[in-house]
Amino acid sequence: MKQYLDLCQRIVDKGEWVNNERTNKRCLTVINADLTYDVANNQFPLVTTRKSFWKSAIAEILGYLRGYQNAADFRALGTKTWDANANENQAWLDNPNRKGHDDMGLIYGALGRAFPKPTGGSVDLLKNIVNDLSNGVDNRGEILTFLHPGAFELGCLRPCMYEHHFSLLGDTLYLNSTQRSCDVPLGLNFNMVQVYVLLALMAQITGKKPGQAYHKIVNAHIYEDQLAPMRDIQLTRSPFAAPKLIINPKIKSLEDIETWVTLDDFDVEGYEHHEAIKYPFAV
Ligand SMILES: Nc1nc(=O)c2c([nH]1)NC[C@@H]1CN(c3ccc(C(=O)N[C@@H](CCC(=O)O)C(=O)O)cc3)CN21
Ligand SMILES: O=c1ccn([C@H]2C[C@H](O)[C@@H](COP(=O)(O)O)O2)c(=O)[nH]1
């Protein structure tokens, strides 16, 4: 939590204003931040200086792992967070590749679960990684990527957290996740949860011990209409201790994640938080 607040404070104190064309808003911006999550000791990086809707964040990452590309599928899992990007962004509404209401196009898991090969056909990156790790193999390239520059015009948004690289040292699993663009008041709340859950879940289904998760952020920003609530409300609050994440131990395979896992299989213990803050969302 301290590292999150430090990043917010750094943006407020040292950020530079950058005009963003896609959203037509200005963003107070810094370049490069490195966050670490202690999954080994179950220090769940949930924001406590406002109420965090952690179940929505887990629904998003489950949807990515399942290869979803439709906002209705994300709603069925328990989050409405993709509705606006699927249905309210004019550039995507005008894009001839959009296949109707709720379509998000070729994004995130839709790419990572069927990454097109230059020679034809596709690779299920996630399945290969799970197979390797389950067999104790780390080929130094256990990379789940959602980034395909040739597919940008086929999706409603380029992936923000675009790469997850898994590593084994003995029977301990590590994760390095990379994010190109980060809406710190809204998105990062979720992204910290997602990096943590991804390592915890992958360790559980491959029979490894979770170690640390390292989260690299390149462009970290606060939109102009989010600055006052961040600076004048959230940053004046004192954080509470980190809660614990409980994952149903019956989740044992990638197939479990693909078929029956729901948000009921996740719980948080000891979550003390301040009141919710409603931050504006830039579409
Ligand atoms: N501008 C922007 N910021 C983002 O963080 C973001 C995007 N766009 N587009 C793609 C996804 C969607 N994400 C979202 C979308 C909405 C919320 C949001 O409204 N959060 C509220 C309430 C969540 C709830 O009730 O479930 C919050 O207070 O955290 C968060 C992340 C993250 N990503
Ligand atoms: O997981 C996510 C997804 C999105 N975001 C934020 C980062 C930016 O504010 C927007 C995406 O806009 P781009 O113009 O494509 O950079 O969404 C996030 O923080 N986390």
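Description of the structure in this document. Because the structure is a prediction, the values reported are computed rather than measured. (Residues numbered from 1 in each chain as written. Chains lettered and ligands numbered in written order. Predicted model: local features only at pLDDT ≥ 70, side-chain atom pairs only at ≥ 80, totals over all residues. Heavy atoms only, no water.)

**As for the site of ligand 1**
- Around ligand 1, the structure places 15 residues, and the nearest of them are Arg 50, Ser 56, Asn 85, Asp 183 and Ala 282.
- The separation between a nitrogen atom of ligand 1 and a polar side-chain atom of Asn 85 is 2.7 Å.
- Within the backbone of Gly 187, an N or O atom sits 3.2 Å from an oxygen atom of ligand 1.
- Out of a free accessible area of 650 Å², ligand 1 has 80% covered by protein chains.
- Mapped onto the shell around ligand 1, the elements with two or more residues apiece are helix H2 (54-66) and helix H8 (187-206).
- Here the shell around ligand 1 is built from residues that sort into 8 nonpolar, 4 polar and 3 charged. (Near = heavy atom within 4 Å. Polar contact = N/O pair within 3.5 Å; in protein donor to acceptor, adjacent residues only side chain to side chain. Areas by Shrake-Rupley, 256 points an atom, 1.4 Å probe, with all protein chains shown as cover. Helix = DSSP H or I, 4+ residues; strand = E, 2+ residues; numbered from the N terminus. Nonpolar A, V, L, I, M, F, W, Y, C, P; charged D, E, K, R; others polar.)

**A few points about the sheet that holds strand E1 (residues 16-20)**
- The sheet built from 6 strands is open, its strands ordered E1-E2-E8-E7-E6-E5 with mixed pairing. With one partner strand each, in any of the chains shown, E1 and strand E5 (142-145) form the two edges of the open sheet. Strand-to-strand twist across the sheet, computed as the mean angle between neighbouring axes with direction ignored, equals 25 degrees.
- Summarising the sheet, strand E2 (residues 25-38) and strand E8 (residues 209-223) pair through 11 bridges and their orientation is antiparallel. Residue Ile 31 lies in a different strand from E8, and its bridge partner there is Asn 219.
- Most of the contacts of helix H1 (residues 2-14) go to E2, to which it runs at about 155 degrees, and overall it touches E1, E2 and E8. (Pairing = 2+ DSSP bridges. Axes fitted to C-alpha atoms, helices over the stretch in contact; angles between N-to-C directions. Contact = heavy atoms within 4.5 Å.)

**Some words on empty space enclosed by the protein**
- Evaluation of the coordinates by the stated rule reveals 1 cavity of 30 Å³ or more.
- Approximately 50 Å³ is the volume found for the largest cavity.
- Every residue lining the largest cavity is listed: Leu 106, Ile 107, Leu 111, Phe 146, His 148, Ala 151, Phe 152, Gly 155, Leu 157, Arg 158 and Pro 159.
- Here the residues of the lining of the largest cavity sort into 8 nonpolar, 2 polar and 1 charged. (1 Å grid on protein atoms, 1.4 Å probe; cavity = no way out; pocket = protein on both sides within 12 Å on 5 of 7 lines; lining within 4 Å. Points joined across faces, edges and corners; volume = space filled by probe spheres on them.)

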